[in-house]
Amino acid sequence: MPVRVATFLLAGARQVGAVDLDSRTVAPFALPAGQAAEGVLSLIEAVETGPIMPRTLSSIPLSEVELEAPIPLPRRNIFCVGKNYREHAHEFARSGFDSSAAAGAVPKFPIIFSKLPETVVPTRADVLIDPSVSTAIDYEGELAVIIGKGGRAIPPERALEHVFGYTIANDVTARDLQGRYSQWLIGKSQDTFCPMGPWVATRDAFDIGSAAIRCFVNDDLRQHAPISLLIFDIPTVISTLSQGITLKAGDIIATGTPVGVGIGFDPPRYLKAGDVVRVEIDGIGTLENRFAERA
Ligand code: MG
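Everything numeric here is computed off the predicted structure, so don't read it as measured data. (Residues numbered from 1 in each chain as written. Predicted model: local features only at pLDDT ≥ 70, side-chain atom pairs only at ≥ 80, totals over all residues. Heavy atoms only, no water.)

### A word on the coordination of the magnesium ion
Note on metal sites: the ideal angle is 109.5 degrees for four tetrahedral donors, and 90 or 180 degrees for six octahedral donors.
Okay, so step 1: Only Glu 140 (OE), Glu 142 (OE) and Asp 171 (OD) from the protein coordinate the magnesium ion, and they sit 1.9 to 2.1 Å from it.
Okay, so step 2: In the primary structure, the donors to the magnesium ion are separated according to the pattern E-x1-E-x28-D. Here Glu 140, found in the loop between β10 (137–138) and β11 (141–147), pairs with Asp 171, found in the loop between β12 (163–170) and β13 (173–174); they are 31 residues apart in sequence, far enough to count as distant. Across this residue pair, the class does not change: Glu 140 and Asp 171 are buried. (Donors = N, O, S within 2.8 Å, 3.2 Å for Na, K, Ca; no water. Helix = DSSP H or I, 4+ residues; strand = E, 2+ residues; numbered from the N terminus. Buried < 20%, exposed > 50% of the residue type's maximum accessible area, 1.4 Å probe, protein only.)

Following this line, the structure appears as structure tokens:
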């Protein structure tokens, strides 16, 4: 299994390939015509159902392709974990926007919400701000898990066997909408509010125990935490979700954001048009998006 897998456009056609960071190239997988339509999910399904990994074709410089999100349009909503780092849980509870705060700052069980599939945009794409809808746009750098093998009632000790790999997500949030509606879906699912990428690091290539996440706004470091600080770790989240929901190949779980979001400041530091948010995770790469006012 390659270390990093990307979805990209070359001459207008979607392909899936293995990224080589040393040579800055990507080698497309020989998937049957039309089978790259769902990006990395096409590869996951080929690996799950086929006898062997598809072979790769000649490498192309990364500079000649346009990266897409690993799964450009997920088949169903993205599962997200809320308040899954202790210090962030406290900063959010203090902010006044937490409609779940009455239950305590630090949750006893995972808080799960979702974002619509259409929110996904790739690295380098604009995230659109519509000031007539929200004036409180915030960033949340997060590790995202991509499920490989589906399942139901997955025990924690088997959960990582169901992971295909990991990518980076920015769980962009309209705080005013999140606070106004007790369910978070509207505030979390505004168009373009889920940048994801730049590619997937396969499970055996990513060390949850040692990786850190960093999030910058215009080169100002706002979030910096080891992934190991998650309150509910990845096996716990997968096991919890799958108790009564059958997880499927290609399901995405955004695992939560650490302390340092815009509402953690007094006064809050919301995003404005022209801001660039960059999220880095060791062993995966960098997800970078500019925020722009909707025309
Ligand atoms: Mg989040």
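### Some thoughts on the layout of surface pockets
Okay, so step 1: What the largest pocket holds in volume is close to 280 Å³.
Okay, so step 2: Contributing to the lining of the largest pocket are 13 residues, with Arg 24, Leu 67, Thr 123, Arg 124 and Pro 198 lying nearest its centre.
Okay, so step 3: Elements with a minimum of two residues in the lining of the largest pocket: β5 (66–67), β14 (194–202) and β19 (285–293).
Okay, so step 4: The leading source of residues in the lining of the largest pocket is β19, at 3 residues.
Okay, so step 5: Residues that form the lining of the largest pocket fall into these classes: 5 nonpolar, 3 polar and 5 charged. (1 Å grid on protein atoms, 1.4 Å probe; cavity = no way out; pocket = protein on both sides within 12 Å on 5 of 7 lines; lining within 4 Å. Points joined across faces, edges and corners; volume = space filled by probe spheres on them. Nonpolar A, V, L, I, M, F, W, Y, C, P; charged D, E, K, R; others polar.)

### Brief notes about the domain arrangement of the protein
Okay, so step 1: Examined at the domain level, the protein breaks down into domain 1 (4–68) and domain 2 (78–293).
Okay, so step 2: Here the C-alpha centroids of domain 1 and domain 2 sit 25 Å apart.
Okay, so step 3: Together, the buried faces of domain 1 and domain 2 total about 1100 Å²; carbon and sulfur atoms form 72% of this surface.
Okay, so step 4: The largest share of the area that domain 1 buries against domain 2 comes from Arg 4, Ile 44 and Leu 67, three residues that together contribute 45% of it. (Domains from an automatic or database assignment. Buried area = accessible area lost by both parts, 1.4 Å probe.)

### Digging into the pairing of β11
Okay, so step 1: Within β11, 7 of the 7 residues are buried, leaving the element largely enclosed by the surrounding structure.
Okay, so step 2: The two faces of β11 match: Gly 141, Leu 143, Val 145 and Ile 147 on one face and Glu 142, Ala 144 and Ile 146 on the other face are all buried.
Okay, so step 3: One ladder, built from 7 bridges, connects β11 with β12; its direction is antiparallel. Following the sheet pairing, Gly 141 is matched in β12 by Asn 170.
Okay, so step 4: By the bridge criterion, 3 bridges tie β11 to strand β17 (residues 252–254) in an arrangement that is antiparallel. Bridge assignment links Ala 144 to a residue of β17, and that residue is Ala 254. (Pairing = 2+ DSSP bridges.)

### Things to note about empty space enclosed by the protein
Okay, so step 1: The final tally for this structure, using the stated rule, is 1 cavity of 30 Å³ or more.
Okay, so step 2: Volume-wise, the largest cavity comes out at about 70 Å³.
Okay, so step 3: Along the walls of the largest cavity sit 15 residues, with Gly 82, Lys 83, His 88, Glu 140 and Lys 188 positioned nearest its centre.
Okay, so step 4: Mapped by element, the contributors of at least two residues to the lining of the largest cavity are β6 (78–82), α2 (86–95) and α3 (175–180).

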